[in-house]
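Architecture and fold: a report
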Amino acid sequence: MVLSTHTYHLGGALGNELYDSSNKLRKGAVIRLADSSGTTVCYRFDRSTKVTVADYDPDSTVLYDDAGAPMLAIVICWDYNKDTSDWASRIIFYGTPVWAGR
C-alpha cells in the first residue's frame, strides 16, 4: 500500500509531524489504518529513506514492488526550495504488516 501525505514548507501538516525531531516516527511504532467498514490493518514502522526527485527512477522498487512482500510506504515531500517553490526530495516511510481484521 502506498500513501502520500502533505508537507507544508512552514510546517503544520502530517508530513512535517512524521519527520519532525520531536514527533518523529520511531522504528517499531505501530501505524494503524482503518476504513469506513471497520477493517483495520496495522503495520510496524521499519525504516525510512530519502530519494531526491532528480535521482528517482520510476522503474525502481524504491516505492513499491509488485513481486515483493506486502508492505506500507508513506511518502512525504521534503527539502523545500523557496526559489522554485518545489520540493527537491521525498522521504518514504516503510512498514511491515503485523495485523489485519475488525
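Just so you know, these numbers come straight off a predicted model, no measurement behind them.

Things to note about the sheet that holds strand S5 (residues 86-101)
One open sheet holds the five strands; their spatial order is S1-S4-S5-S3-S2, and the pairing between them is mixed. A strand with exactly one partner marks an edge of an open sheet, and here the two such strands are strand S1 (2-5) and strand S2 (30-34). Strand-to-strand twist across the sheet, computed as the mean angle between neighbouring axes with direction ignored, equals 35°. Bridge count for strand S3 (residues 40-52) against S5 is 12 bridges, and the pairing is antiparallel. Looking at S5, one finds that Thr40 is bridged to Gly101.

A closer look at the side chain of Thr5
Relative to the helices and strands, Thr5 resides in strand S1. Contact partners of Thr5, with chain neighbours within four places excluded, come to Leu14, Gly15, Leu18, Ile74, Val75 and Ile76.

Side note on the pairing of strand S4 (residues 72-81)
Pairing of S1 with S4, which is carried by four bridges, proceeds in the parallel orientation. Counterpart to Leu3 in the pairing with S4 is Ile74. Here S4 folds back onto S5, and the loop between the two strands holds four residues, one of which, Ser85, carries a positive phi near 55°.

Observations concerning the environment of Val75
Mapped onto the elements, Val75 comes out in strand S4. Counting along the chain gives 69 residues from Val75 to His6, while the straight-line C-alpha distance between them is 8.8 Å. Excluding anything up to four places from it in sequence, Val75 contacts Val2, Leu3, Ser4, Thr5, Leu63, Arg90, Ile91 and Ile92.

Focus on the pattern of salt bridges
Pairing between side chains becomes possible if they bear opposite charge and their charged atoms approach one another. For the structure shown, the criterion picks out one salt bridge. Its salt-bridge partner being Lys50, residue Asp79 comes within 3.0 Å of it at the nearest N-O pair. With Asp79 in strand S4 and Lys50 in strand S3, this residue pair connects regions lying 29 residues apart in the sequence. Looking at Asp79, the relative accessible area reads 32%, which means it is partly exposed.

Definitions and cut-offs
- Along each chain, the written sequence defines residue order, and numbers are assigned to residues from 1.
- Only residues with pLDDT of at least 70 get local features here, since the model is predicted, and only at 80 or more are side-chain atom pairs given and counted; chain-wide, interface and lining totals rely on the full set of residues.
- Only hydrogens and water are removed before side-chain values are computed, so all heavy atoms of the structure are retained for them.
- Strand pairing is defined by DSSP finding a minimum of two bridges between the two strands.
- Helix numbering and strand numbering both begin at the N terminus, where a helix is a DSSP run of H or I of at least 4 residues and a strand a DSSP run of E of at least 2.
- Angles run from 0 to 180 degrees between N-to-C directions of axes, and those axes are lines fitted to C-alpha atoms, restricted for helices to the stretch in contact.
- Contact criterion: two residues are considered in contact whenever any of their non-hydrogen atoms come within 4.5 Å of each other.
- Take a side-chain nitrogen of Lys or Arg and a carboxyl oxygen of Asp or Glu: if they are within 4 Å of each other, that pair is a salt bridge.
- Exposed residues in this analysis have more than 50% of their type's maximum accessible area, buried residues have under 20%, and partly exposed residues fall in between, with area computed by a 1.4 Å probe over protein chains only.

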